[in-house]
Amino acid sequence: AATGYSRNHALIVLDQILNKNGFGALTSEYGVQSFIDGANICDELVPSINATTEPRYTVDAVLSLGETPQSNMSMLLKAGVAGLSFDQGVFQYIPGSYIAPIVDYDESDLVGGIAFTTGLSKANVSNIAKGSFLDARQNFDKVQYEAISPGAYYIADGSEELILEFDAPMTTSP
């Protein structure tokens, strides 16, 4: 296996899983395909703030050995809006991107009546997102990014501000 420097979020998460200073997992304890798929999603080019493109998810930080592996992993996952599962002794990477479901259900899957909720509670919704990131243009200082507020959501919520704070301590682009 080749080794080298990477800013790819999925590959850095994998390194933290395998590294002796991280989780120290065996190579048999991670789902290879989930990390390949995740690395490809992280490398997808998306528009950047300077009218060019950049990879979807990168990591631009140094992990501290003074922190626990779990704390470092928590910060890493937040940087890529990603998840990590550990099922049947295997780590699976869950990228911060929509993945279409692969299971179809029909009437034969139902056991009883259907119950549903017509909407989410206010505790689970937001109409304004704001937070911070490390701005490379400002010597990697922690700065606030411009609040994002889709007007239609704000109006639909009766002009009530429902704020989601999202800090990205390992990210250099909002």
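These numbers were taken from a predicted model, which means no experiment stands behind them. (Residues numbered from 1 in each chain as written. Predicted model: local features only at pLDDT ≥ 70, side-chain atom pairs only at ≥ 80, totals over all residues. Heavy atoms only, no water.)

**A short note on the side chain of Ser 34**
Considering the arrangement of structural elements, one finds Ser 34 in helix α2 (residues 32-43). By relative accessible area, which is 12% here, Ser 34 ends up buried. Once residues within four sequence positions are removed from consideration, Ser 34 is found in contact with Phe 91, Gln 92 and Tyr 93. (Helix = DSSP H or I, 4+ residues; strand = E, 2+ residues; numbered from the N terminus. Buried < 20%, exposed > 50% of the residue type's maximum accessible area, 1.4 Å probe, protein only. Contact = heavy atoms within 4.5 Å.)

**Comments concerning the nonpolar core**
Of all hydrophobic cores here, the largest spans 20 residues; its most connected members are Val 13, Ile 17, Phe 35, Met 73, Leu 76 and Tyr 93. Of all the elements in the fold, those that place two or more residues in this core are α1 (9-18), α2, α3 (69-79) and β4 (90-94). Residue contributions to this core peak at 5 residues, all from α1. (Core = buried A, V, L, I, M, F, W, Y, C linked by side-chain atoms within 4.5 Å.)

**Some words on the packing of α1 against α2**
With their axes 7 Å apart at the nearest point, α1 and α2 run at an angle of 140 degrees to one another. Classified by the angle between their axes, α1 and α2 sit oblique to one another. Facing α1, whose interface residues are His 9, Ala 10, Leu 11, Val 13, Leu 14 and Ile 17, α2 presents Phe 35, Gly 38, Ala 39 and Cys 42. When the residues that make up the contact of α1 with α2 are grouped by side-chain class, the tally is 8 nonpolar, 2 polar and no charged. (Axes fitted to C-alpha atoms, helices over the stretch in contact; angles between N-to-C directions. Parallel < 35°, antiparallel > 145°, perpendicular 65-115°, else oblique. Nonpolar A, V, L, I, M, F, W, Y, C, P; charged D, E, K, R; others polar.)

**Considerations on the packing of aromatic side chains**
This structure, assessed with the given rule, holds 4 aromatic pairs. When the ring of Tyr 30 is compared with that of Phe 35, the centres are 5.7 Å apart and the planes differ by 85 degrees; the resulting orientation is edge-to-face. For Tyr 30, a relative accessible area of 18% corresponds to the buried category. The exposure class assigned to Phe 35 is buried, which follows from its relative accessible area of 2%. Measuring from ring centre to ring centre gives 4.6 Å for Phe 86 and Phe 91, while their planes differ by 50 degrees; the resulting arrangement is tilted. Exposure remark for Phe 86: the relative accessible area of 47% places this residue in the partly exposed category. What makes Phe 91 buried here is its relative accessible area of 12%. An aromatic cluster of at least three residues, connected via ring pairs, comprises Phe 23, Phe 86 and Phe 91. (Phe/Tyr/Trp six-rings, centres within 6.5 Å; stacked < 30°, edge-to-face > 60°.)

**With respect to the pairing of strand β5 (residues 128-135)**
Buried residues dominate β5, accounting for 7 of its 8 residues. Examined bridge by bridge, β5 and strand β7 (residues 163-165) share 3 bridges and lie parallel to one another. When the sheet's bridge partners are listed, Lys 130 is paired in β7 with Glu 165. Bridging between β5 and strand β6 (residues 141-148) involves 6 bridges; their strand directions are antiparallel. Looking at the pairing, Ser 132 lines up with Gln 144 of β6. Connecting the antiparallel pair β5 and β6 is a turn made up of 5 residues, with Asn 139 showing a positive phi of about 60 degrees. (Pairing = 2+ DSSP bridges.)

**What to know about the pattern of salt bridges**
For the coordinates displayed, the defined rule picks out 4 salt bridges. Where Asp 135 meets Arg 137, a salt bridge forms, and the shortest distance between an N and an O atom there is 3.2 Å. Assessed through its relative accessible area of 3%, Asp 135 is described here as buried. (Salt bridge = Lys/Arg side-chain N within 4 Å of Asp/Glu carboxyl O.)

**Observations regarding the sheet that holds β6**
Pairing is mixed across the open sheet formed by 3 strands, whose spatial order is β6-β5-β7. Each having just a single partner strand, β6 and β7 make up the two edges of the open sheet. Each strand axis lies, on average, 25 degrees off the axis of its neighbour in the sheet, ignoring direction.

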